[in-house]
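Coordinate inspection notes
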Amino acid sequence: MTVYHLIWLIPTLPLAAFLILAVFGGSRKVAALLGTVPVGLSALLVIWTAVTYLSVPPAGHGFSEVLWTWFTIGNFSPAIALYLDPLSLVFLFVITFVGFFILLYSTEFMAKEEGFSRFFAYMNLFVFSMLVLVLAKDMLLLYLGWEGVGLSSFLLIGFWYKDAQDAGQNAYAARKAFLVTRIGDTALILGLFLLLQDFGTLDIPHILQAAPGTWQPGSSRAVWATILLLGGAVGKSAQLPLQTWLPDAMAGPSPVSALIHAATMVTAGVYLLARTHVLFSLAPVVQLIVAIIGAATLVIAAFSALAQKDIKRVLAYSTMSQIGYMFLALGVGAWSAAVFHFMIHAFFKALLFLGAGAVILAMDHEHNMFKMGGLRKKMPLVFWTFLFGAGALAALPLVTAGFFSKDPILWFAMASVKGSFWLWLAAFVAALATSVYTFRMVFVTFFGRQQKEVHYRPGIRIRIPLVVLGVLSLIAGWIQMPASFGHFTPFSDFMETLLPPAVMAGVPAGLEGWLEIATAVIALLGVYLAWQFYVKTPVAVYRFKQTTVGARIYRFLAAGWGFDTLYRVLIVQPVVWLARVDKRDFTDRIYEGVGMLNLWLGRLFGRAQNGRLRGYAFGIVLGAVIVMTLILFL
Amino acid sequence: MSAVPLHMGLLLAGILFLLGLVGVLTRRNVLFMLMSIEIMVNAAGLAFVVGASRWMQADGQVMFLFILAMAAAEVSVGLALIVQMHRQHKSVDINVLERLRD
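Attention in this report is confined to the structure presented alongside it. (Residues numbered from 1 in each chain as written. Chains lettered and ligands numbered in written order. Predicted model: local features only at pLDDT ≥ 70, side-chain atom pairs only at ≥ 80, totals over all residues. Heavy atoms only, no water.)

Attention shifts here to the interface of chain A and chain B. Every contact between the two is made by nine residues of chain A and, on the other side, twelve residues of chain B. With both chains or domains summed, chain A and chain B bury close to 900 Å², and 63% of this area falls on carbon and sulfur atoms. If you sort the residues of chain A by the area they bury against chain B, Leu613, Arg614 and Val621 of chain A come out on top, with a joint share of 53%. The interface formed by chain A and chain B includes zero salt bridges. At the junction of chain A and chain B, the tally comes to two residue pairs in polar contact (both at pLDDT 80 or more). (Contact = heavy atoms within 4.5 Å. Buried area = accessible area lost by both parts, 1.4 Å probe. Salt bridge = Lys/Arg side-chain N within 4 Å of Asp/Glu carboxyl O. Polar contact = N/O pair within 3.5 Å; in protein donor to acceptor, adjacent residues only side chain to side chain.)

Laid out in structure tokens, this is it:
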């Protein structure tokens, strides 16, 4: 009996917490305990599993356990089976570990909110679904988790659906997120049908093993199946063209944004692509599309973030942009670099959201960062941890983890056989924008003149998560050093049994060092620009916004390059028009007619009720005579 | 025993029933309506008794006892209602009760 046989407990603990909280509710104290402790136990279990895995890896570097057969239809019998390998281990670690600290933070953040136990029930449902997603051995079980995270994301975005002020907006944001990701989910299930048809099973290891023998590289089946899988990933991970839901999803509470819309759920697409990387290798065209989608999204989102006023929307666009980096890495075949960036991103982006949440709480739910300012002195701990996270996001060289995870992606974008100069250039330009918008956020929020009183000082349960994630944002990068820094690579060695290293093109030696210096310089340049424009001479930005062209550019970027308007005109309005036209069609007329007839008959017979008793008696006699006549003569 | 022929008995029952029916439909006084109903009920009872004597079965006689019991119950409720009606509306004219429609 090893610890591997206990992995079923990892998702079961949050599920149990969810069920208890959903059925019985409970006081705030009970809900806080039930909401956090099971996930904490799961996290301990994951750490124990990871330690065991590192010391004694299971045979074949993967452990699978079939719990039971879900159902059987003919030859198709998907199993409720768990699969543990380096990839799922990394995801498990992030979900439970970061998840635990976010839940701990929530016990204080949500303390005064209505629906406290409902919040923790939803959060545990989410953690459970996400754990099922990454532990599933069968694609169908993965899909169950996939839909579960979509559902809990919907529930949590609309958590404040009763708030008098913007309840409509919150509910709208929740519906939008659900519907837009549904497009991707539909693509994913179609992709699963294709896989089922070709392989006769949805067992992931089996498919990955059989795929090279079944599909010719570049064959149309491979292309279609991977395109559909990619569709699912694009929807869940808020990449072009299904990215519009993520900025609106910020309507949910800050811990939700931290856990679901930054650290874990939105990276489910990255997980799916890394999990099925064998299939994508068989469809080079689709892999190129992945890289292009990633590059396009990271540029678009990075520039949109430059013009946001809402601190959480800045972070939302930055999440899109960072996942764009991961997609770029997946597209150029640098699988483990993508997973590494996922992990580091989960640390620092969760930290930034939690920091932003603390600031928003202190500012009495003010989201506009231009109304904050000068918080550095008042909230030093939040400021310093936020600064660490911001440094990691901007990939400040050497001192932050973000540098060690983002730099390889830029390097592989250039140097892998699937990379190109243009992909690198996009990532490079966006890196400058990233650095500028990150430090714009830091300077506007924490520097300058204070505009509003601090209403609330974070307590211990907010501080601990900030400090833990802040430390991780600084040091977690050291487990994967580039070649020019001593080539210390335990992370990619760990992933190597599963994810092959990127195939390198023949690039001149020494280029990597120069590119690293270029990335480092551009990150620092971004900080300098942000300092120049938002601390020293904010007038310049103001003047730029006053000009016609400047205002137009600003509005364009603030609206996220106008995708919402585009979709409203292209899709929403035609569908609404069609629905309105369809409302009065032939079929409806028939049923409307039935209703009208009944109404008319009712009015007609209603006249018979005139109150004259003798009339009623006569009616009875008449009816009896008619019935008797019918019986006698028919 | 010279029995009354079946058709004569049924004819009498039918005539009584029709008399009662016409009474119910034409009288405005509730008391008379109630009496007409009694006539109809007894006409039905007569039909049972005639049938019973024709086929020499006790069922018809038993049925008549039931009808008597039912009629007694009905009359007690009906008279109580009429007393109430007279107290509230100062009238036993059935047309006065039209206002109960609404």
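Anyway, onward from the coordinates.
Another point: the environment of Thr400 of chain A. All names here are of chain A. In this fold, Thr400 is placed in the loop between helix H17 (380-393) and helix H18 (401-415). Taking the relative accessible area as the measure of exposure, Thr400 reaches 3% and is therefore buried. The spatial distance from the C-alpha of Thr400 to the C-alpha of Ser473 is 6.4 Å, given a sequence separation of 73 residues. Look past the residues within four positions of Thr400 in its chain and what remains in contact with it is Phe388, Gly391, Ala392, Ala395, Ser473 and Leu474. (Helix = DSSP H or I, 4+ residues; strand = E, 2+ residues; numbered from the N terminus. Buried < 20%, exposed > 50% of the residue type's maximum accessible area, 1.4 Å probe, protein only.)

All right, on to a nonpolar patch on the surface then. All names here are of chain A. A surface patch of nonpolar side chains, about 530 Å² in accessible area, is lined by Leu33, Val37, Leu41, Leu44, Ile47 and Val51. You can see Ile47 is positioned in helix H2 (residues 28-55). Given a relative accessible area of 34%, Ile47 falls into the partly exposed group. (Patch = residues over 30% accessible without salt bridge, like charges linked within 9 Å, V, L, I, M, F, W, Y side chains within 5 Å. Areas by Shrake-Rupley, 256 points an atom, 1.4 Å probe, with all protein chains shown as cover.)

Moving on, we come to the side chain of Asp310 of chain A. All names here are of chain A. If you trace the backbone, Asp310 turns up in the loop between helix H13 (284-305) and helix H14 (311-331). Despite its burial, Asp310 pairs with no opposite charge, the nearest such side chain being Arg313 at 5.6 Å. In this structure the side chain of Asp310 is engaged in a polar contact, spanning 2.8 Å, whose partner is the backbone nitrogen of Lys312. (Lys, Arg positive; Asp, Glu negative; His and termini not counted.)

A separate point is the pattern of salt bridges. It is possible for side chains bearing opposite charge to pair when their charged atoms get close. All names here are of chain A. Applying the stated criterion to the full structure yields eleven salt bridges over all chains. Here Lys176 and Asp564 are joined by a salt bridge, their closest N and O atoms 2.9 Å apart. Within this pair, whereas Lys176 is found in helix H6 (residues 167-199), its partner Asp564 is found in helix H25 (residues 563-582), the two being separated by 388 residues in sequence. On the accessibility criterion, Lys176 (11% relative accessible area) is buried. According to the relative accessible area criterion, Asp564 is partly exposed, its value standing at 27%. Residues Arg313 and Asp248 are paired through a salt bridge, measuring 3.5 Å at the closest nitrogen-oxygen approach.

Between Leu240 of chain A and the following residue, Pro241 of chain A, the backbone shows a cis peptide bond with an omega angle of 0 degrees. Within the fold, Pro241 of chain A resides in the loop between helix H8 (220-236) and helix H9 (245-248). Positive phi is not limited to glycine here, since Ala395 of chain A has a value of about 60 degrees. Within the element layout of this structure, Ala395 of chain A appears in the loop between H17 and H18. Since its relative accessible area comes to 9%, Ala395 of chain A is described here as buried. Its identity is not glycine, yet Lys90 of chain B carries a phi of approximately 55 degrees, on the positive side. Tracing the sequence through the fold places Lys90 of chain B in the segment after helix H3 (59-89).

Our next topic: the packing of helix H1 (residues 9-24) of chain A against helix H4 (residues 116-135) of chain A. All names here are of chain A. H4 packs onto H1 with a crossing angle of 155 degrees between their chain directions and a minimal axis gap of 8 Å. It follows from the interaxial angle that H1 and H4 lie roughly antiparallel. Considering how the two elements wind past one another, H1 and H4 form a crossing that is left-handed. When H1 is examined against H4, the residues Ile10, Pro11, Pro14, Leu15, Ala17, Phe18, Leu21 and Ala22 are found in contact with a partner set consisting of Ser117, Phe120, Ala121, Asn124, Leu125, Val127, Phe128, Leu131, Val132 and Leu135. In terms of residue class, the contact of H1 with H4 is made up of 16 nonpolar, two polar and no charged. (Axes fitted to C-alpha atoms, helices over the stretch in contact; angles between N-to-C directions. Parallel < 35°, antiparallel > 145°, perpendicular 65-115°, else oblique. Left-handed = near helix turned anticlockwise from the far one by under 90°. Nonpolar A, V, L, I, M, F, W, Y, C, P; charged D, E, K, R; others polar.)

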